[in-house]
Amino acid sequence: NGRFLARVHGPVSGNVLLRREQYRRADVDATSAEIARSVLIAKLANSRAVLLRAARESNERDTAEALSSAAGELSRAMKGIERQTHLGALRGMEGEAARTYFGVFDRLILAQKDDFYFRERSRRPPLDNMNALLSFIYTLLVHDVVSALEGVGLDPAVGFLHRDRPGRPGLALDIMEEFRPFLADRLALSL
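Residues numbered from 1 in each chain as written. Predicted model: local features only at pLDDT ≥ 70, side-chain atom pairs only at ≥ 80, totals over all residues. Heavy atoms only, no water.

**Quick look at the overall build of the protein chain**
For clarity, the cut-off: For the purposes of this entry, the term helix denotes a DSSP run of H or I that reaches at least four residues, the term strand denotes a run of E that reaches at least two, and both are numbered from the N terminus. In this treatment the radius of gyration is a C-alpha quantity, and the globule benchmark scales as 2.2 Å times the residue count to the 0.38 power. Only protein chains enter the area calculation, which uses a 1.4 Å probe; residues under 20% of their type maximum are buried, those over 50% are exposed, and those in between are partly exposed. Working rule for contacts: check all heavy atoms of both residues, and any pair within 4.5 Å makes them a contact. Surface accessibility in these figures is a Shrake-Rupley result with a 1.4 Å probe; residues are shielded only by whichever protein chains are displayed. As used throughout, the charge tally considers Lys and Arg to be positive and Asp and Glu to be negative, leaving His and the chain termini uncounted. Charged groups are reduced to one reference atom each: NZ for lysine, CZ for arginine, CG for aspartic acid, CD for glutamic acid.
Within the protein chain, the secondary structure is distributed over six helices and zero strands. Against the 2.2 N^0.38 benchmark of 16 Å for 191 residues, the protein chain shows a C-alpha radius of gyration of 18 Å, consistent with a compact globule. Along the three orthogonal principal directions, the C-alpha set of the protein chain runs to about 55 × 45 × 25 Å. Relative to its 191 residues, the protein chain shows a buried fraction of 42%. Expressed as a percentage of contacts within the protein chain between residues at least 6 apart in sequence, the contacts between residues at least 24 apart total 61%. For the protein chain, the computed accessible surface area is about 11500 Å², with 53% contributed by carbon and sulfur atoms. Between the averaged position of the 28 positive side-chain charges in the protein chain and that of its 25 negative side-chain charges there is a distance of 3 Å.

**Focus: a positive patch on the surface**
As a reminder of what qualifies: Like-charged residues within 9 Å of one another, or nonpolar side chains (Val, Leu, Ile, Met, Phe, Trp, Tyr) within 5 Å, are grouped into patches, provided each residue has over 30% relative accessible area and no salt bridge. The salt bridge definition used is simple: a Lys or Arg side-chain nitrogen within 4 Å of an Asp or Glu carboxyl oxygen.
A cluster of basic residues, Arg48, Arg76, Lys79 and Arg83, forms a positive patch on the protein surface. Along the chain, the position of Lys79 falls in helix α3 (residues 61-83).

**So, the packing of helix α2 (residues 29-57) against α3**
Rules: An axis is simply a line fitted to the C-alpha atoms; with a helix, the fit covers only the stretch in contact. Between two such axes, the angle follows the N-to-C directions and lies from 0 to 180 degrees. Working definition: roughly parallel below 35 degrees, roughly antiparallel above 145 degrees, roughly perpendicular at 65 to 115 degrees, and oblique for all remaining angles. Handedness of a crossing is defined here by the sense of rotation of the near helix relative to the far one, left-handed for an anticlockwise turn of less than a right angle and right-handed for a clockwise turn. Just so you know the grouping, Ala, Val, Leu, Ile, Met, Phe, Trp, Tyr, Cys and Pro go in nonpolar, Asp, Glu, Lys and Arg go in charged, and all remaining residues, Gly too, go in polar.
Two numbers describe how α2 lies on α3: the axes approach to 9 Å, and their chain directions differ by 165°. Taken together, the axes of α2 and α3 are roughly antiparallel relative to one another. The element α2 and its partner α3 pack so that their crossing is left-handed. Where α2 abuts α3, its residues Arg37, Leu40, Ile41, Leu44, Ala45, Ser47, Arg48, Leu51, Leu52, Ala54 and Ala55 lie against Ala64, Leu67, Ser68, Ala70, Ala71, Leu74, Ser75, Ala77, Met78, Ile81 and Glu82. Tallied by class, the residues present in the contact of α2 with α3 amount to 16 nonpolar, three polar and three charged.

**Observations regarding unusual backbone geometry**
Residue Pro125 is bonded to the preceding Arg124 through a cis peptide linkage, with omega at 0°. Counting through the fold element by element, Pro125 comes out in the loop between α4 (87-103) and α5 (129-152). With phi around 50°, Arg124 is a residue other than glycine that occupies positive phi space. Mapping Arg124 onto the fold places it in the loop between α4 and α5.

**Some details on the nonpolar core**
Most often, soluble globular proteins have nonpolar side chains that are buried together. Here is the rule we go by: Nine residue types can take part in a nonpolar core, namely buried Ala, Val, Leu, Ile, Met, Phe, Trp, Tyr and Cys, and a core is a set of them joined through side-chain atoms within 4.5 Å.
Among the nonpolar cores identified, the biggest contains 48 residues, and Leu51, Phe102, Phe105, Leu108, Met130 and Leu134 are the most heavily contacted of them. Contributing elements (two or more residues each) for this core: α2, α3, α4, α5 and α6 (170-190). Residue contributions to this core peak at 10 residues, all from α5. Excluding residues that lie within four positions of it along the chain, Leu134 makes contacts with Phe102, Phe105, Phe118, Arg121, Asp185 and Ala188.

Written out as structure tokens, the structure is:
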């Protein structure tokens, strides 16, 4: 019925001093912004690489130009993010970059275009097959990242870009941002 029943969970591992330092850094806006900036630059660099690869492989000139143009916009966004020190502004810049990336995402879909098309990112609920596939893969990825973070003793709930919210693994969401474009998005496109 979709209700939580139980979980098998081993003991908390890792160093308590590591977790305490994570909490301290998450409480300082400047430190959170510095870490969030690094996360976003890595995400945009990987998003840009996905677009440039698709542009090189494209047989259609207008598609290659659109993908290259979007990659150029992501490069400009990365430079802006490098200079930004305010966490709220970083989130806004990330949102604009995501609109750029997902604005050309449909051009990356090469097969089964009748069933798998992309107009815009939608979630809760996903409004089309491609959004459903992306959400499913992102869910698998976040669970793997949570496991990895717990395995090294970090608290997956205390993030820097994704702030604390009950039930949300903020640090896991932060870490997976870098992996989304080349791991999750490319997998969805390959499927």
